[in-house]
Amino acid sequence: MKNLILSTLATCVLASSVPAQSEIFTLTSEYWTSERFLDRFMGTYGVIEDIEPDITEEEAAVFQTLVPLLQQGQIDAAIQQLATAITPESSAALDFTLGNLFFEKGQANRALSYYQNALRKFPNFVRVHKNIAFVHVRGEAWDKAVPALLKSIELGQEDSDTYGLLAFAYLMEKKYASAESAYKNALTLDPESVDWRNGLIRVLIESGQFDRGILLLDEAILKTPEVADYWLMQTDAFVSSGQTDKAIANLEMIKRLGFATGATMELLGKIYLREGLPTSAFEAFTASIESNDPLGTDAYLGLAETFVLLGNFEEAEKFLEEIEEEAELSNKEQITFLGIKGEMLINSGRAEEASEILNQLISRDPNNADAIMTLAVYHERKSEFEKAAFLYERATKNRDLDVSAEAYLAYAQMRVGQKMYDKALPLLRSYLDLKRNTRVERYLESVERAAAQAAASNAGA
């Protein structure tokens, strides 16, 4: 059982490690509002001669009237003025610019409509393809973003943003080799980009290239040691690659740097438990519950139960005390708390204390089958058979048929131990009415024989 628990715990540790989509490892709203992006986007207004559609003198005049409106932030007025100038014969540059204005206002569908109009007039309008890609990336339509970005690159738009967004779209589609290649191109063109470096780190970690990801994270941590997410992502890589000592060192460093959260300390505690270090696990779990952003009480009760299941009764008791002191337990949580405490006391050989807790639990939760059955066993072991019988009888009335069946069986076994075979027989038959079981059927036959022998002996006497 202990090995099974540790195996399950190892799985939980992996599942609990830092998610790859931590905020700094994805494109957040900060990317779209960054000075770099806005500079690039604002650069898409206007016309690039020779490779983009011409505009007439009248259209150039329209653009001139837009300048003061845009400088004053009067986008709606600029939209109205530009829309009146667009005709089926007008330059694609006007449709493109109107699309940009709608994109700037966050009206993606209207932006796309004008971008498509621009492409019908001028199919190789490279900046239109790129801005269509912007719209689809923001809308997380990766299958549409990728073709638009590839078309932009085909038409010569080989800048870091185009490659970076292409890489991000590939990453979202879990096409890691393509994403890695595109991120490398983006970083070649803009080696200082934090967005693209973080994206490449995420690709390497998610694709299982832990050693390379860890090296890049080393560089990121050296540059910005105050960014907790780098430490956490590296911890995730250490855990996933089996470098437990380094994962522990990172988490302890996070704690010392003041970055610890309830979740990070829970992860540290789980690693310590997996390594067979319950005292260190207790300290980490205590740090978790005392942090500024603790987990839900259910999570801590689950950790306390894990201590019990692993036989770490001293740590279980201390952690239950910590939970009781730090958390405000709901009625349901108090019932769970008492159940775990009773289980801990029973398993650590403190039966008298356990009986008090179990009685408290039953008074709070009269249908708690586990508590009723455990208390019945306690009274049976003390040879208080009628108290045990009362509790077993109570458990047989449980609505859960499996619980009821097990209560009938345990009750029957107690009566057999008392050599009260006639009382055991109907209990075993009640069990079999609820649940077919070959082993119990054979047991019933042996009890029937014992009952017959006892009856014969009594008759002979």
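For the structure, see preceding data.
Description of the overall build of the protein chain
No. 1: Helix and strand content of the protein chain: 26 helices and 0 strands.
No. 2: When each of the 461 residues of the protein chain is scored for burial, the buried share is 46%.
No. 3: Sequence separation of at least 24 residues holds for 53% of the intrachain contacts in the protein chain that already meet a minimum separation of 6.

Focus: the packing of aromatic side chains
Each aromatic ring pair is specified by the distance between its two centres and by the angle formed by the two planes.
No. 1: Throughout the structure, instances matching the rule amount to 12 aromatic pairs.
No. 2: Ring centres of Phe96 and Tyr115 lie 5.9 Å apart, and the angle between their planes is 40°; this geometry places the pair in the tilted category. Placement of the pair is Phe96 in helix H6 (residues 92–104) and Tyr115 in helix H7 (residues 108–121), with a sequence separation of 19 residues. For the pair Phe96 and Tyr115, one class covers both residues: buried.
No. 3: Look at Phe102 and Tyr114: their rings are 5.7 Å apart centre to centre, the planes differ by 15°, and that puts the pair in the stacked class. Of this pair, Phe102 sits in helix H6 while Tyr114 sits in helix H7; the two residues are 12 residues apart in sequence, bridging distant segments of the chain. Here Phe102 matches Tyr114 in class, with each residue buried.
No. 4: Clustering of aromatic rings is evident, with ring pairs tying together Phe282, Phe285, Tyr300, Phe307 and Phe319.

Things to note about the pattern of salt bridges
No. 1: Under the defined criterion, the tally for this structure stands at 20 salt bridges.
No. 2: As a salt-bridge pair, Lys175 and Glu173 come within 3.5 Å of each other at their nearest N and O atoms.
No. 3: For the salt bridge of Arg274 with Glu275, the shortest nitrogen-to-oxygen distance reads 3.8 Å.
No. 4: Salt bridges here are not isolated pairs; linked through shared partners, they connect Glu180, Lys184 and Arg212.

Overview of the side chain of Ser288
No. 1: Here Ser288 shows up in helix H17 (residues 278–289).
No. 2: According to the relative accessible area criterion, Ser288 is buried, its value standing at 0%.
No. 3: A polar side-chain atom of Ser288 sits 2.7 Å from the main-chain carbonyl oxygen of Gly262.
No. 4: Excluding anything up to four places from it in sequence, Ser288 contacts Gly262, Met265, Glu266, Pro294, Leu295 and Tyr300.

Overview of the packing of H7 against helix H8 (residues 126–138)
No. 1: Axis separation between H7 and H8 bottoms out at 10 Å; the angle between their running directions is 160°. By the angle class used here, H7 and H8 are roughly antiparallel. The handedness of the crossing between H7 and H8 comes out as left-handed. Residues Ala108, Leu112, Tyr115, Gln116, Ala118 and Leu119 of H7 form the contact with H8, whose own contacting residues are Val128, His129, Asn131, Ile132, Val135 and His136.
No. 2: Classifying every residue of the contact of H7 with H8 gives 8 nonpolar, 4 polar and no charged.

Looking at unusual backbone geometry
No. 1: Positive phi is not limited to glycine here, since Ser383 has a value of about 65°.
No. 2: Note on placement: Ser383 falls in the loop between helix H22 (369–381) and helix H23 (385–396).
No. 3: Even without being glycine, Lys419 reaches a positive phi, approximately 65°.
No. 4: Among the secondary structure elements, Lys419 is positioned in the loop between helix H24 (401–417) and helix H25 (421–434).
No. 5: Since its relative accessible area comes to 61%, Lys419 is described here as exposed.

Some remarks on the packing of H17 against helix H18 (residues 297–309)
No. 1: Interhelical geometry of H17 versus H18 gives an angle of 170° and a closest axis separation of 12 Å. In terms of orientation, H17 lies roughly antiparallel with respect to H18. Mapping the contact onto sequence places Pro278, Ala281, Phe282, Phe285, Ser288 and Ile289 in H17 and Tyr300, Leu303 and Phe307 in H18.
No. 2: Split by residue class, the contact of H17 with H18 holds 8 nonpolar, 1 polar and no charged.

Some remarks on helix H4 (residues 57–71)
No. 1: Given a rise of 1.5 Å per residue, 15 residues ought to cover 21 Å, and the 22 Å separating the end C-alpha atoms of H4 matches this to within 8%.
No. 2: On its buried side, H4 packs onto helix H5 (75–85) and H6.
No. 3: Downstream of H4 by one or two residues, Gly73 has phi in the positive range, about 75°.

Quick word on the nonpolar core
No. 1: If you look at the biggest cluster of nonpolar residues, it comprises 139 residues, and the most contacted ones within it are Phe319 and Ile323.
No. 2: When residues of this core are assigned to their parent elements, the largest contribution, 9 residues, is made by H24.

Some words on the environment of Ala287
No. 1: Assignment of secondary structure puts Ala287 in helix H17.
No. 2: For Ala287, a relative accessible area of 22% corresponds to the partly exposed category.
No. 3: When neighbours within four sequence positions are excluded, Ala287 is seen to be in contact with Lys255 and Met265.

Scoring rules and cut-offs
- Residues numbered from 1 in each chain as written.
- Predicted model: local features only at pLDDT ≥ 70, side-chain atom pairs only at ≥ 80, totals over all residues.
- Heavy atoms only, no water.
- Helix = DSSP H or I, 4+ residues; strand = E, 2+ residues; numbered from the N terminus.
- Buried < 20%, exposed > 50% of the residue type's maximum accessible area, 1.4 Å probe, protein only.
- Contact = heavy atoms within 4.5 Å.
- Phe/Tyr/Trp six-rings, centres within 6.5 Å; stacked < 30°, edge-to-face > 60°.
- Salt bridge = Lys/Arg side-chain N within 4 Å of Asp/Glu carboxyl O.
- Polar contact = N/O pair within 3.5 Å; in protein donor to acceptor, adjacent residues only side chain to side chain.
- Axes fitted to C-alpha atoms, helices over the stretch in contact; angles between N-to-C directions.
- Parallel < 35°, antiparallel > 145°, perpendicular 65-115°, else oblique.
- Left-handed = near helix turned anticlockwise from the far one by under 90°.
- Nonpolar A, V, L, I, M, F, W, Y, C, P; charged D, E, K, R; others polar.
- Expected span 1.5 Å × (residues − 1).
- Core = buried A, V, L, I, M, F, W, Y, C linked by side-chain atoms within 4.5 Å.

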